Protein chains: 2
Amino acid sequence: MKIGILGASGAVGRQMIQCLEERELPITEIRFFGFGSVGQEITFKDRRYKIEKPFFTGLDVILGAVSSDIAKGYITDIKASGALFIDNSSAFRHDAEVPLVIPQINKEDIVNHHGIIANPNCSTIITLMAVQAINKLNPVTAINAVTYQAVSGAGAKGLEELNAETVAFCQDGKVERKSDVFNYPILFNCIPQIGDLGSDGYTSEELKMEKEARKIMHIADLKVNCTCVRVPVARSHSIAVTVYTKDRLELTQVEAAFSNSEGLIYLKNDLPMPLVASNRDEVFVGRLRKDRIFANGITFFVCGDQIRKGAATNAIEILEHFLKL
Amino acid sequence: MKIGILGASGAVGRQMIQCLEERELPITEIRFFGFGSVGQEITFKDRRYKIEKPFFTGLDVILGAVSSDIAKGYITDIKASGALFIDNSSAFRHDAEVPLVIPQINKEDIVNHHGIIANPNCSTIITLMAVQAINKLNPVTAINAVTYQAVSGAGAKGLEELNAETVAFCQDGKVERKSDVFNYPILFNCIPQIGDLGSDGYTSEELKMEKEARKIMHIADLKVNCTCVRVPVARSHSIAVTVYTKDRLELTQVEAAFSNSEGLIYLKNDLPMPLVASNRDEVFVGRLRKDRIFANGITFFVCGDQIRKGAATNAIEILEHFLKL
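This is a predicted model, so every value here is computed, not measured. (Residues numbered from 1 in each chain as written. Chains lettered and ligands numbered in written order. Predicted model: local features only at pLDDT ≥ 70, side-chain atom pairs only at ≥ 80, totals over all residues. Heavy atoms only, no water.)

## So, the overall build of chain A
Move 1: Scanning chain A from N- to C-terminus turns up nine helices and 13 strands.
Move 2: Relative to its 325 residues, chain A shows a buried fraction of 59%.
Move 3: Within chain A, contacts between residues at least 6 apart in sequence are counted, and of these 67% link residues at least 24 apart.
Move 4: Surface summary for chain A: the accessible area is close to 12,400 Å², and the carbon and sulfur share equals 48%.
Move 5: Charged side chains of chain A number 36 positive and 39 negative; the gap between the two group centres comes to 1 Å. (Helix = DSSP H or I, 4+ residues; strand = E, 2+ residues; numbered from the N terminus. Buried < 20%, exposed > 50% of the residue type's maximum accessible area, 1.4 Å probe, protein only. Contact = heavy atoms within 4.5 Å. Areas by Shrake-Rupley, 256 points an atom, 1.4 Å probe, with all protein chains shown as cover. Lys, Arg positive; Asp, Glu negative; His and termini not counted. Charge placed at Lys NZ, Arg CZ, Asp CG, Glu CD.)

Quick look at the structure:
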């Protein structure tokens with residue numbers, strides 16, 4: 001398999017490279033594509049490579065770790081090359097011909113690709129990894145999700161901003177913005193807006209979860225109420241979730257489902273936290289309890305590394321399942 | 001009025017002193033009580049005082065800024081002194097003879113005091129300041145609340161811990177605990193447990209909001225589903241809230257109610273954040289929108305300084321209303 005990574009020097013691109021190094025894939029050739037980073041060196045399995053301008057001829061698979069606009073800009077070239085495009089951006093997630101896949105949930109959708117397979121939003125992946133375990137027990141009708149999203153969800157520059165603000169605080173005791181990655185200082189703050197705000201009061205990020213969950217879980221009328229908040233965490237998104245099912249479930253059933261779900265680690269006596277989940281491919285779930293308002297509600301806290309399972313790991317798991325077709 | 005502050009050197013005690021300096025109360029004598037801090041100096045309105053061992057004779061009012069255990073330990077002495085005790089701890093909040101008061105909601109309960117008036121939990125106060133505006137429009141039946149709680153909610157030592165971890169990170173690039181205030185590092189982390197964990201999966205902190213809200217709002221069957229999470233924020237708690245009402249409300253009604261509520265600032269075009277709310281007596285609410293799951297649900301984000309309105313300011317507002325009786 002000849003593979004290329006589009007956007008190799010970003011946070012997700014670099015994580016894709018690390019994930020490919022950790023796993024055994026039949027790679028015979030690998031190429032790295034970038035823009036401002038062209039000419040920079042990348043080490044992959046002890047060999048050095050240079051980041052090239054995007055040029056896709058001769059490749060079988062391209063992993064996309066770029067923005068929606070850039071993905072859209074290159075899609076004609078990618079299609080012409082005949083390579084499969086596994087895209088981490090939101091550009092094609094809702095195209096009818098593009099499967100949107102979390103392999104642990106809907107790997108059977110991969111076969112219907114038409115040259116593009118889309119990777120879902122990071123918070124969506126982490127939340128649904130736990131929600132799907134419940135959905136297998138009894139149909140999920142709605143999800144209330146409140147997020148604690150890490151700065152690296154905004155890319156490598158988000159992490160640089162948090163670090164820069166932290167260093168400045170240690171020097172002068174003040175909290176102040178150092179770049180325009182976020183609209184407000186993020187150190188010691190919570191910013192309850194990610195993405196653009198619509199006329200209905202929801203942000204683009206908040207609406208993604210419902211739209212994507214419907215497609216991934218194949219539940220056309222699933223309702224999702226979501227609040228997305230940026231917090232001063234370097235890495236790993238956390239989500240406080242309440243799931244509503246058609247019928248009432250017992251906690252012991254949910255515990256068993258969480259414990260037996262591939263890629264999910266149930267913490268009965270410990271806490272899912274960024275500190276625990278960071279740099280792990282699994283999603284961590286805990287604080288399981290019954291909703292106190294609705295008899296058919298289950299409440300829990302879930303945490304996952306949004307650069308790994310929320311992006312790079314999920315894309316490479318899609319590739320692994322594609323190769324089994 | 002002769003007034004004493006029990007626990008004058010803690011985070012809440014120091015804030016009470018500052019609030020008393022900012023406001024016009026008929027104080028003829030003030031005394032400051034502590035334990036490990038006995039002998040330390042405190043400046044109040046340009047005069048210097050020494051922190052004394054607790055001794056209540058001759059006082060009219062005592063503001064309590066100590067733990068439940070200490071409050072319970074001194075209550076016999078306080079009662080014997082004849083002074084009114086306005087207590088910030090959870091020691092007496094659910095005693096039948098003790099009013100639990102947020103003046104903007106139930107100041108009429110103050111008259112029924114029997115020598116003690118209790119100040120509610122900080123997250124409860126901040127959340128209910130917004131919820132009550134809706135409850136005046138239409139009866140609130142349930143609240144789903146997910147918190148982002150600042151480290152100073154664990155007292156001055158919580159803030160010291162965050163600062164110590166921040167300085168250590170700048171020195172050696174590592175995130176590590178510097179004291180035992182929290183069970184895990186808090187810098188760049190989220191800890192989804194505050195208080196002890198019960199057999200039903202809820203923490204003591206999470207159950208406070210339902211029990212206290214029922215008493216403050218006089219709604220015996222109010223249901224509250226709460227998730228409490230400690231975040232690396234120095235000061236001010238944030239809460240993502242969904243409120244369910246008996247009947248469906250329009251957002252314009254809620255906007256008007258938020259805008260016209262004393263002590264509440266509605267941000268239509270800006271975000272309620274710790275950065276905005278810190279060191280302010282008002283509670284900030286925004287991100288108002290309809291719940292996407294239930295037709296009778298209203299979703300919003302609220303943020304308030306938990307040392308001011310969540311503790312010291314509320315206690316002193318109780319005192320101000322008591323003086324008007």
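From this point on, the discussion continues.
## A few points about helix 9 (residues 308-323) of chain B
Residues lying three or four places apart along an α-helix face the same way, a consequence of the helix completing one turn every 3.6 residues.
Move 1: By the largest-angle criterion, asparagine 314 of chain B marks the main kink of helix 9 of chain B, which is about 40 degrees.
Move 2: Of all 16 residues that make up helix 9 of chain B, 13 are buried, and the element is covered over most of its length. (Bend = angle between axes of the 7 residues up to and from the residue.)

## Here we look at the environment of phenylalanine 301 of chain B
Move 1: For phenylalanine 301 of chain B, the position within the fold is in strand 13 (residues 297-304).
Move 2: Residue phenylalanine 301 of chain B is classed as buried on the basis of its relative accessible area of 0%.
Move 3: Sequence-wise, phenylalanine 301 of chain B and glycine 286 of chain B are 15 residues apart; in three dimensions their C-alpha atoms are separated by 5.5 Å.
Move 4: If we skip the residues at most four places from it in the chain, phenylalanine 301 of chain B touches Pro192, Thr227 and Val229 of chain A together with Tyr148, Ser238, Ile239, Ala240, Pro272, Phe284, Val285, Gly286 and Arg287 of chain B.

## Details of the pattern of salt bridges
Residue and element names in this part refer to chain B.
Move 1: In the structure shown here, the tally under the stated rule is 42 salt bridges over all chains.
Move 2: For the salt bridge of glutamate 320 with arginine 23, the shortest nitrogen-to-oxygen distance reads 2.9 Å. With glutamate 320 in helix 9 and arginine 23 in the loop between helix 1 (11-22) and strand 2 (29-33), the pair connects residues that are 297 residues apart, well separated along the chain.
Move 3: Here glutamate 320 falls in the partly exposed class, since its relative accessible area comes to 22%. (Salt bridge = Lys/Arg side-chain N within 4 Å of Asp/Glu carboxyl O.)

## What to know about the sheet that holds strand 7 (residues 116-118) of chain B
Residues and elements named next belong to chain B.
Move 1: Taken in spatial order, the five strands of this open sheet run 2-1-5-6-7, and their pairing is parallel. The sheet is open, and its two borders are formed by strand 2 and strand 7, each paired with just one other strand. On average, each strand axis in the sheet is tilted by 15 degrees relative to the strand beside it, whichever way the strands run.
Move 2: Note that strand 5 (residues 61-64) and strand 6 (residues 84-87) share four bridges and pair parallel. Each bridged residue has a counterpart across the sheet, and for glycine 64 the counterpart in strand 6 is aspartate 87.
Move 3: Its contacts with the sheet put helix 9 on strand 1 (2-6), strand 5, strand 6 and strand 7, and the angle it makes with strand 6 is roughly 150 degrees. (Pairing = 2+ DSSP bridges. Axes fitted to C-alpha atoms, helices over the stretch in contact; angles between N-to-C directions.)

## Let's talk about the relation of the copies chain A and chain B
Move 1: Superposition record for chain A on chain B: RMSD 0.0 Å, screw rotation 180 degrees, translation along axis 0.0 Å. Between the two chains, the operation in question is that of a two-fold axis.
Move 2: With an isologous cut-off of 70% or more, the 100% of interface residues of chain A that recur at the interface of chain B puts this contact in the isologous class. (Least-squares fit on C-alpha atoms with pLDDT ≥ 70 in both.)

## Some details on the packing of helix 4 (residues 122-137) of chain B against helix 9 of chain B
Residue and element names in this part refer to chain B.
Move 1: Viewed as axis vectors pointing N to C, helix 4 and helix 9 meet at an angle of 90 degrees, and their least axial separation amounts to 8 Å. One way to sum up the angle between helix 4 and helix 9 is to call them roughly perpendicular. Seen from helix 4, the contacting residues are Cys122, Ile125 and Met129; seen from helix 9, they are Lys309, Gly310, Ala311 and Asn314.
Move 2: Residues that form the contact of helix 4 with helix 9 fall into these classes: four nonpolar, two polar and one charged. (Parallel < 35°, antiparallel > 145°, perpendicular 65-115°, else oblique. Nonpolar A, V, L, I, M, F, W, Y, C, P; charged D, E, K, R; others polar.)

## Description of helix 7 (residues 251-259) of chain B
All names here are of chain B.
Move 1: Buried within helix 7 we find Val254, Glu255, Ala257 and Phe258. Looking straight down helix 7, one finds its buried side chains confined to an arc of 165 degrees; they lie on one side.
Move 2: The inward-facing, buried residues of helix 7 contact helix 4, strand 11 (264-267), strand 12 (283-290) and strand 13. (Arc of directions from axis to C-beta.)

## Quick notes on the domain arrangement of chain A
Residue and element names in this part refer to chain A.
Move 1: According to the domain assignment, chain A consists of domain 1 (2-119 + 311-323) and domain 2 (124-306).
Move 2: Relative placement of domain 1 and domain 2: their C-alpha centres are 24 Å apart.
Move 3: Taken together, the contact pairs 21 residues of domain 1 with 19 residues of domain 2.
Move 4: For the pairing of domain 1 and domain 2, the buried interface totals around 1,700 Å² over both sides, and the portion due to carbon and sulfur atoms is 56%.
Move 5: The largest per-residue losses of area from domain 1 upon contact with domain 2 belong to His94, Gln104 and Ile105, which jointly make up 32% of the total buried on that side.
Move 6: Summed over the shared surface of domain 1 and domain 2, the result is two salt bridges.
Move 7: Close ionic contact of arginine 23 with aspartate 281 constitutes a salt bridge, the shortest N to O distance being 3.7 Å.
Move 8: Inspection of the domain 1/domain 2 interface yields eight residue pairs in polar contact (both at pLDDT 80 or more).
Move 9: Counting residues per element, the ones that place at least two in the side of domain 1 that touches domain 2 are helix 1 (11-22), helix 3 (103-106) and helix 9 (308-323).
Move 10: Looking at which element gives the most residues to the side of domain 1 that touches domain 2, the answer is helix 1, with six residues.
Move 11: Considered class by class, the residues forming the side of domain 1 that touches domain 2 number seven nonpolar, eight polar and six charged. (Domains from an automatic or database assignment. Buried area = accessible area lost by both parts, 1.4 Å probe. Polar contact = N/O pair within 3.5 Å; in protein donor to acceptor, adjacent residues only side chain to side chain.)

## As for unusual backbone geometry
All names here are of chain A.
Move 1: The backbone of phenylalanine 188 sits at a positive phi, close to 55 degrees, despite the residue not being glycine.
Move 2: Summarising the element assignment, phenylalanine 188 is placed in the loop between helix 5 (156-172) and helix 6 (204-217).
Move 3: Although it is not a glycine, histidine 218 adopts a positive phi angle of roughly 60 degrees.
Move 4: Locating histidine 218 in the fold gives a position in the loop between helix 6 and strand 9 (223-227).

## Side note on the packing of aromatic side chains
Move 1: This model, assessed by the stated rule, comprises 26 aromatic pairs over all chains.
Move 2: Ring centres of phenylalanine 56 of chain B and tyrosine 74 of chain B lie 5.9 Å apart, and the angle between their planes is 90 degrees; this geometry places the pair in the edge-to-face category. With a gap of 18 residues between them, phenylalanine 56 of chain B in the loop between strand 4 (47-50) and strand 5 and tyrosine 74 of chain B in helix 2 (residues 68-81) connect regions that are remote in the sequence.
Move 3: Classification of phenylalanine 56 of chain B by relative accessible area gives buried; the value is 4%.
Move 4: Here the basic side chain of arginine 292 of chain A rests over the ring of tyrosine 202 of chain B, its NZ or CZ set 5.4 Å away from the ring centre. (Phe/Tyr/Trp six-rings, centres within 6.5 Å; stacked < 30°, edge-to-face > 60°. Lys NZ or Arg CZ within 6 Å of the ring centre and 35° of its normal.)

## Focus on the side chain of asparagine 106 of chain A
Residue and element names in this part refer to chain A.
Move 1: Here asparagine 106 lies in helix 3.
Move 2: A polar contact of 2.9 Å, which involves the side chain of asparagine 106, links it to the backbone nitrogen of isoleucine 102.
Move 3: When neighbours within four sequence positions are excluded, asparagine 106 is seen to be in contact with Leu100, Val101, Ile216 and His218.

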